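Chain and residue survey
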Amino acid sequence: MRDNDLFRRFPNIPMMRDAARRRLPRFAFEYLDGGAGTDTGIDRNWHALDAVEIVPRYGVCTALPPVDAELFGRRYAGPVGVAPMGSPSICFPGADRMLAAAAQAARLPYTLSAVGGMTIEEAAAVAPDVFWFQLPRLSLDGHRIGLDMARRAQAAGAHALILTTDTPVRTTRPREVHSGVTTPFRVDLRMMASIIGAPSWLLAMRRHGVPRFASFRQYAPNAGLAEMAEFVGRQTPGAFSWDEVALFRDHWKGPLLVKGILHPRDAERALAIGCDGIVVSNHGGRQVDALPPPVDVLPAIVRAVNGRATVLMDSGVRSGTDIVRAVALGADAVLMGKCFLWSIGALGERGPEHAMDLLLGEARASLGQVGALTLSEARAAEVRHPGAYAFE
Ligand SMILES: Cc1cc2nc3c(=O)[nH]c(=O)nc-3n(C[C@H](O)[C@H](O)[C@H](O)COP(=O)(O)O)c2cc1C
C-alpha cells in the first residue's frame, strides 16, 4: 500500500537527493554522492539517459502493465536491484541492513558488497530470497579470502556472484576527500560538528556503531579498526584478470556476473569464460570521469551478447522511466546505487521501501504510456538514442 503522505513529500527520487543533502552530515553526503574528477561522469550518465526518447504507440494499453522480471530463473517484482556498495554505513549507519530488508520486502535483488557493513551470513538472513553477493579481487595467498567468501556466500544461499572488474587502479573522489572521509573511517572535530546538525545520523550511529568491514572479521579477528582497514587494503590490489574470472567460474556453481563492462569485446570475453551475465557499468561515475555512460554502449553490447547471457546496466538510473529506457535498449534489468542511499538520507529506514515503490510505479506508468503491455514489448519500441556508440 502506497503511503500517500510520503508520496506527497517525495514524489520522485531527485527530491530525496535534495533532502539527503540537507539532512545528512556533509561528509556522509559527499561520500555517497561525489564522483571522480569534477563529477562530469555522473552528469554525463544522467544526461545520456535523459536524451533517450521512446516513441509511444496508442490504442493498445488500457491499464498499468506488469513489470515483474525473471533473472537467472527467479522472479522479482521488477527489473531493478540494489547495486553493491562498500561502506554505505558511512552514509548512514545501518544502511546495509535497511537496504537488504527493503529489497526482501519488495522482492527485488539485493547485492551485498564484500566490503559492506554486514557479514555474508547476516545479509543472507535478512534477505534470504533476493540475496546476491559481490567480490572485488582479493588475490593474496592464491585468492584465499576471495574464494572463501565465495564459498561462504554459496553456503549462505546467495543466488548470484558478481565480480567487479572496473577498479584496476585506485582513484580519488575529490568531494569525499575534501569532506574529511578517510580509511579507516574516523570522526574528526570538523566531522563531529556536522554530525551535531544531523541528529538522525547520530542516533543511527549509536544504534549500529561505526562502519566496519564485517565479512572480513574472521580473517583478522584481533584487528582494531585501523588495522582492519589496512588489512582489507592489502587484500584488494587491482581488479580481476580474465584468468582469475575463469578461476571463480570453476568454483562458483550458480549464476556468475562480471561488473564494469563497457566494451562489446569484453562482454564476449566474459561469455567465452562461461559467465551468465554482465553488468554494463562505469561504477556510477566514481572511478574516472572520462568513461562513457553505460546507456550509450548498451545497444552495441546487447548486440554482441545476442541473447546468450543476461545483460544488466547501472550508473545514472534515477527513475522508473530510466529503467524503461534501459529495457527498451535491450537491458534485462538495471542496478541502482546512489538513489537508494539518497532515500535513506531523506527518510532513514523508510527510504528504500519508498524509493522501490516509486520506481516500480514509475516503470509501470512509463511502460503503459509508450504502449508496451510487457517489458519485452518495450524492446520493439521506436527509440531515438543520440549518444549511442557504434564500435568498429
Ligand atoms: C557509496 C558507494 C559505494 C560503492 N561500492 C561499490 C563496491 O564495493 N563494489 C562495486 O562493485 N561497486 C560499488 N559501487 C558502485 C555501484 O555498485 C554501482 O555501480 C553504481 O553506484 C551505479 O551508479 P548509480 O549510483 O548512479 O546508480 C559503489 C557505489 C556507491 C555510491
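Everything below is about the structure shown above.
In this text the structure is predicted, and so the values were computed from the model without any measurement.

The rules behind each value
- Residues numbered from 1 in each chain as written.
- Predicted model: local features only at pLDDT ≥ 70, side-chain atom pairs only at ≥ 80, totals over all residues.
- Heavy atoms only, no water.
- Phe/Tyr/Trp six-rings, centres within 6.5 Å; stacked < 30°, edge-to-face > 60°.
- Helix = DSSP H or I, 4+ residues; strand = E, 2+ residues; numbered from the N terminus.
- Buried < 20%, exposed > 50% of the residue type's maximum accessible area, 1.4 Å probe, protein only.
- Lys NZ or Arg CZ within 6 Å of the ring centre and 35° of its normal.
- Near = heavy atom within 4 Å.
- Polar contact = N/O pair within 3.5 Å; in protein donor to acceptor, adjacent residues only side chain to side chain.
- Nonpolar A, V, L, I, M, F, W, Y, C, P; charged D, E, K, R; others polar.
- Axes fitted to C-alpha atoms, helices over the stretch in contact; angles between N-to-C directions.
- Parallel < 35°, antiparallel > 145°, perpendicular 65-115°, else oblique.
- Left-handed = near helix turned anticlockwise from the far one by under 90°.
- Contact = heavy atoms within 4.5 Å.
- Lys, Arg positive; Asp, Glu negative; His and termini not counted.
- Salt bridge = Lys/Arg side-chain N within 4 Å of Asp/Glu carboxyl O.
- Pairing = 2+ DSSP bridges.
- Right-handed = clockwise from strand over helix to strand, strands pointing away.
- Patch = residues over 30% accessible without salt bridge, like charges linked within 9 Å, V, L, I, M, F, W, Y side chains within 5 Å.
- Areas by Shrake-Rupley, 256 points an atom, 1.4 Å probe, with all protein chains shown as cover.
- Charge placed at Lys NZ, Arg CZ, Asp CG, Glu CD.
- Core = buried A, V, L, I, M, F, W, Y, C linked by side-chain atoms within 4.5 Å.

Notes on the packing of aromatic side chains
In total, this model carries eight aromatic pairs according to the counting rule given. Between Phe27 and Trp201, the ring centres sit 5.4 Å apart and the planes meet at 85°, which makes this aromatic pair edge-to-face. Here Phe27 is found in helix 3 (residues 26-33), whereas its partner Trp201 is found in helix 11 (residues 199-208), with 174 residues between them in sequence. No difference in accessibility class separates Phe27 from Trp201, as the two residues are buried. An aromatic cluster of at least three residues, connected via ring pairs, comprises Phe27, Phe185 and Trp201. Here Arg286 stacks its cationic end above the ring of Tyr31, 5.4 Å away from the centre of that ring.

Comments concerning the site of the ligand
Contacts to the ligand come from 22 residues, most closely from Pro84, Gly86, Thr164, Asp314 and Gly316. Within the backbone of Pro84, one N or O atom sits 2.7 Å away from an oxygen atom of the ligand. In this structure, Ser113 approaches the ligand through a side-chain N or O atom, which is 2.9 Å from an oxygen atom. Within the residue set of the shell around the ligand, elements represented by two or more residues are helix 3 and helix 17 (338-347). Of the residues in the shell around the ligand, the class split is eight nonpolar, 10 polar and four charged.

Brief notes about the packing of helix 16 (residues 320-328) against helix 18 (residues 351-369)
In a packed pair of helices, the relevant descriptors are the angle between the two axes and the axis-to-axis distance. Two elements in contact, helix 16 and helix 18, have axes whose closest approach is 7 Å; the angle formed by their N-to-C orientations is 55°. When the interaxial angle is binned, helix 16 and helix 18 end up oblique. Considering only the axes of helix 16 and helix 18, their crossing is right-handed. Within the contact between the two elements, helix 16 uses Gly320, Thr321, Ile323 and Val324 and helix 18 uses Leu359, Glu362, Ala363, Ser366 and Leu367. Grouping the amino acids of the contact of helix 16 with helix 18 by side-chain chemistry returns five nonpolar, three polar and one charged.

Some details on unusual backbone geometry
A positive phi is found at His143, a non-glycine position, where the angle reads about 65°. Relative to the assigned elements, His143 resides in helix 8 (residues 140-156). Residue His143 is classed as buried on the basis of its relative accessible area, which comes to 7%. Residues other than glycine seldom take positive phi values, yet Ser315 does so here, at roughly 100°. Relative to the helices and strands, Ser315 is located in the loop between strand 10 (310-313) and helix 16.

As for the side chain of Lys338
Assignment of secondary structure puts Lys338 in helix 17. Buried charge without a partner: Lys338 forms no salt bridge, and the closest opposite charge is Asp33, 6.7 Å away. The contact partners of Lys338, leaving out residues within four places of it in the chain, are Leu32, Asp33, Ile42, Met85 and Gly284.

Re the pairing of strand 5 (residues 110-113)
Burial along strand 5 is two-sided: the face carrying Tyr110 and Leu112 and the face carrying Thr111 and Ser113 are both buried. Relative to strand 6 (residues 131-135), strand 5 runs parallel, the two being bridged by four bridges. What sits directly across from Ser113, in strand 6, is Gln134. The parallel pair strand 5 and strand 6, bridged by helix 7 (residues 120-126), forms a crossover whose chirality is right-handed.

A word on the environment of Glu230
With respect to the secondary-structure elements, Glu230 resides in helix 12 (residues 225-235). Spatially, the C-alpha atoms of Glu230 and Gly41 are 29 Å apart, while their sequence positions differ by 189 residues.

Brief notes about a positive patch on the surface
On the surface, Arg9, Arg22, Arg23 and Arg350 cluster together to form a positively charged patch. With respect to the secondary-structure elements, Arg350 resides in the loop between helix 17 and helix 18.

Comments concerning the nonpolar core
The biggest cluster of nonpolar side chains holds 137 residues, and the ones touching the most others in it are Tyr110, Phe133, Leu135, Met149, Trp201 and Phe216. For Tyr110, the residues in contact, after removing those within four places along its chain, are Val82, Asp96, Leu99, Ala100, Ala103, Met118, Ala123, Ala127, Val130, Phe131 and Trp132.

Section: a nonpolar patch on the surface
Residues Val187, Met192 and Ile196 make up a contiguous nonpolar surface patch of about 260 Å² in total accessible area. Tracing the backbone shows Met192 in helix 10 (residues 189-196). A relative accessible area of 39% means that Met192 is categorised as partly exposed.

Focus on the pairing of strand 10
Across the two faces of strand 10 the burial is the same, with Thr310 and Leu312 and Val311 and Met313 all buried. Both strand 9 (residues 277-280) and strand 10 contribute to a ladder of four bridges, which runs parallel. Considered in strand 10, the bridge of Ile278 is made with Val311. For the crossover that starts at strand 9, traverses helix 15 (residues 294-305) and ends in the parallel strand 10, the hand is right-handed. Where strand 10 lies against strand 11 (residues 333-336), two bridges are found, and the strand directions are parallel. When the bridges of strand 11 are listed, Leu312 appears paired with Ala333. In this fold, the crossover linking strand 10 to strand 11 by way of helix 16 has right-handed handedness.

Some details on the pattern of salt bridges
Per the counting criterion, the structure on display carries 18 salt bridges. Notably, a salt bridge pairs Glu121 with Arg152, separated by 2.9 Å at the nearest N-O pair. Remark: Arg152 occurs in helix 8 and Glu121 occurs in helix 7; sequence separation between them is 31 residues. We classify Glu121 as partly exposed; its relative accessible area is 37%. Two residues, Glu349 and Arg207, come together in a salt bridge whose shortest N-O distance is 3.9 Å. Taken together, the residues Glu349 in the loop between helix 17 and helix 18 and Arg207 in helix 11 connect sequence positions 142 residues apart. Given a relative accessible area of 61%, Arg207 falls into the exposed group. Taken together, the shared-partner salt bridges in this structure form one network comprising Arg17, Glu30, Asp33, Asp39 and Arg175.

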